[in-house]
Amino acid sequence: MRAVSDGDAGTTRRRFLAAAGKGAVLTLAMFGAGPQAVARGLFGRGLLPSAWEHDSNTADLSNTADFPLPKPGMIVHGEQPFNGEFPPHLLDDPVTPTARHFVRNNGGIPRRARSKDLGGWVLRVDGEVRHSLALTLDDLLCLPQVTMQAVLECAGNGRSLFHPPVGGTPWIRGAVACSEWTGVRLRDVLELAGVRDGAVYVAAFGEDAPLDGGEPFSRGIPIGKAMDEHTLIAVAMNGEPLPAAHGFPARLLVPGWIGSAMQKWLARLWVRDRVHDSAKMSRYSYRVPAYPVAPGATPPAADMRVATAWLVKSLITRPRSGLEVARNVSVPVGGHAWAGEHEVRRVAVSTDFGITWQDARVTAPANRYAWYHWQTEVAFATRGYYEVWARAFDNTGNAQPFRQPWNPRGYLGNVVHRVPVRVAP
């Protein structure tokens, strides 16, 4: 099925009429929640049925080589560099298995990671420190180890839901995961080096090579976030050494923040006396406007701010998109929610296009920065087309929007998740 959601009212009406002209048979009378709910909840907001949201190309499942990309069930967006996600119904596990963790690359996966060769590898720490360091993996393993669950989400997750469309990898909703990570606190390493008073930022560099011959991918985080007890240099994922696609032998884990802050194939930490000014920290790269902008508008580069923490968000993992269910039968509904540096306070569910809502049962996370789990049950009294909507609220009063606020690069998308369901006669 084709899916489209959250465009401007004029565009959605034109697309609806165009679809009808091509033989679409989805009419108001077919909506189980009733024409009034459809008119108010969907078309009254300038929305289209989520059943028309996206086509998903599932990757070939036959690859069982030592370097298994694509992973089974993965939606592949590109091979050079490799980028792939999973449909939400495959992300139902409380802790995301490595086999279902999305992959986001900006360059080629290093030869060292592919071969698991540690020969010559060290993590260099220099800049605004009293003692420059060159740490081997054994050195890192000798430091106190921390294990925690943490949500990791690409900054562009949900980019395909922006209207008007923006450039970049067209992530749908599955470039997010919550695996278990083990490593050493970044602050323990920085304290070994002796951070100088003038330190402002910690810039990170990896061993991945840019495919376009440009500047190697590099981003950084403020010294305060670097010294947070939850920020790690991770060396293991779900109890195993980091896989090649996830940063072997070491990567940063910066919980609550966008995934691009979590440098893979880590080779150097440069403590700086200013905000890191690499290409991927500058102008429009991983930056959002300092103020709301009209859809399609591009503010001056000077008005862009570095994207940091994620906004409140939820994901429906049950039921799967397009599921057909029987009338008057209880249907389990559930998924996950997270809120960057904040806490999730509530998740509400609607089956009548946002006209009425019921609160889901929310389970606290395993630790700070892990995702919350939520669940409820719904039933449908009449046949037709329905949607299950989920909306999360954080402890500061923020909630997911019904229509996606726009920015030039499609970052920090957190529009309400809507899953189409068919109710059988």
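## Focus: the environment of Val419
Structurally, Val419 is set in strand β24 (residues 417-423). The exposure class assigned to Val419 is buried, which follows from its relative accessible area of 4%. Separated by 31 residues in the primary sequence, Val419 and Val388 have C-alpha atoms spaced 5.1 Å apart. When neighbours within four sequence positions are excluded, Val419 is seen to be in contact with Ser50, Ile316, Pro319, Arg320, Ser321, Tyr386, Glu387 and Val388.

## Quick look at the packing of aromatic side chains
Scanning the model with the defined rule gives eleven aromatic pairs in all. Their ring planes at 45° and their centres at 5.8 Å tell us that Trp338 and Trp371 sit as a pair that is tilted. Of the two residues, Trp338 sits in strand β18 (residues 331-338) while Trp371 sits in the loop between β21 (361-363) and β22 (372-378), which places them 33 residues apart along the sequence. With respect to burial, Trp338 and Trp371 carry one shared label: buried. For the cation-ring pair, Arg272 lies above Trp270, with the distance from its terminal atom to the ring centre recorded as 4.0 Å.

## Quick notes on the pairing of strand β2 (residues 82-85)
The alternating pattern of β2 places Phe82 and Gly84 on one face and Asn83 and Glu85 on the opposite face, and all of these are buried. As judged from the four bridges shared by strand β1 (residues 75-79) and β2, these two strands associate in the antiparallel manner. Looking at the pairing, Glu79 lines up with Phe82 of β2. In sequence, β1 turns back onto β2 through a hairpin of two residues. Of the strand pairs in this sheet, β2 and strand β3 (residues 103-104) are connected by two bridges, and their pairing is antiparallel.

## Describing the sheet that holds β2
Across the sheet, three strands lie side by side as β1-β2-β3; this open sheet has antiparallel pairing. A single partner strand is all that each edge strand has here, and the edge strands are β1 and β3.

## Side note on the nonpolar core
One finds Leu140, Val189, Leu190, Ile233 and Leu269 to be the most contacted residues of the largest nonpolar core, which totals 69 residues. Residue contacts for Leu190: discarding those within four places in its chain leaves Val125, Val195, Val202, Ile223, Ala226, Met227 and Val271. In terms of nonpolar packing, the next biggest core, distinct from the first, is built from 22 residues, Ala392, Val419, Val421 and Val423 among them.

## Notes on the confidence of the model for the protein
Residues with a pLDDT of 70 or more make up 87% of the protein, whose mean pLDDT is 89. Note on residues 1-26: pLDDT is under 50 here. Beyond four places in sequence and across chains, it has 59 contacts. Note on residues 54-66: pLDDT under 50 across the span, and 24 contacts to partners over four residues away in sequence or across chains.

## Here we look at helix α5 (residues 186-193)
All of the buried residues along α5 are Leu186, Asp188, Val189, Leu190 and Ala193. Just past α5, the residue Gly194 takes up positive phi, approximately 75°.

## Some words on the sheet that holds β24
One key point about sheets: their strands pair by backbone hydrogen bonds, in either a parallel or an antiparallel sense. Ordered by their spatial adjacency, five strands build an open sheet running β17-β24-β23-β19-β20, and the pairing between neighbours is mixed. In this open sheet, the two edge strands, each paired with only one partner strand, are β17 (323-325) and β20 (358-359). Bridge analysis of β17 against β24 gives three bridges, and the strand direction is parallel. Along β24, the bridge assignment pairs Val325 with Val423.

## Digging into the pattern of salt bridges
Applying the stated criterion to the full structure yields twelve salt bridges. Residue Lys313 pairs with Glu153 through a salt bridge whose shortest N-O separation is 2.6 Å. Of this pair, Lys313 sits in strand β16 (residues 313-318) while Glu153 sits in strand β6 (residues 145-153), and the two are 160 residues apart along the sequence. The class of Glu153 is buried, set by a relative accessible area of 1%.

The rules behind these values
Residues numbered from 1 in each chain as written. Predicted model: local features only at pLDDT ≥ 70, side-chain atom pairs only at ≥ 80, totals over all residues. Heavy atoms only, no water. Helix = DSSP H or I, 4+ residues; strand = E, 2+ residues; numbered from the N terminus. Buried < 20%, exposed > 50% of the residue type's maximum accessible area, 1.4 Å probe, protein only. Contact = heavy atoms within 4.5 Å. Phe/Tyr/Trp six-rings, centres within 6.5 Å; stacked < 30°, edge-to-face > 60°. Lys NZ or Arg CZ within 6 Å of the ring centre and 35° of its normal. Pairing = 2+ DSSP bridges. Core = buried A, V, L, I, M, F, W, Y, C linked by side-chain atoms within 4.5 Å. pLDDT = per-residue confidence, 0-100. Salt bridge = Lys/Arg side-chain N within 4 Å of Asp/Glu carboxyl O.

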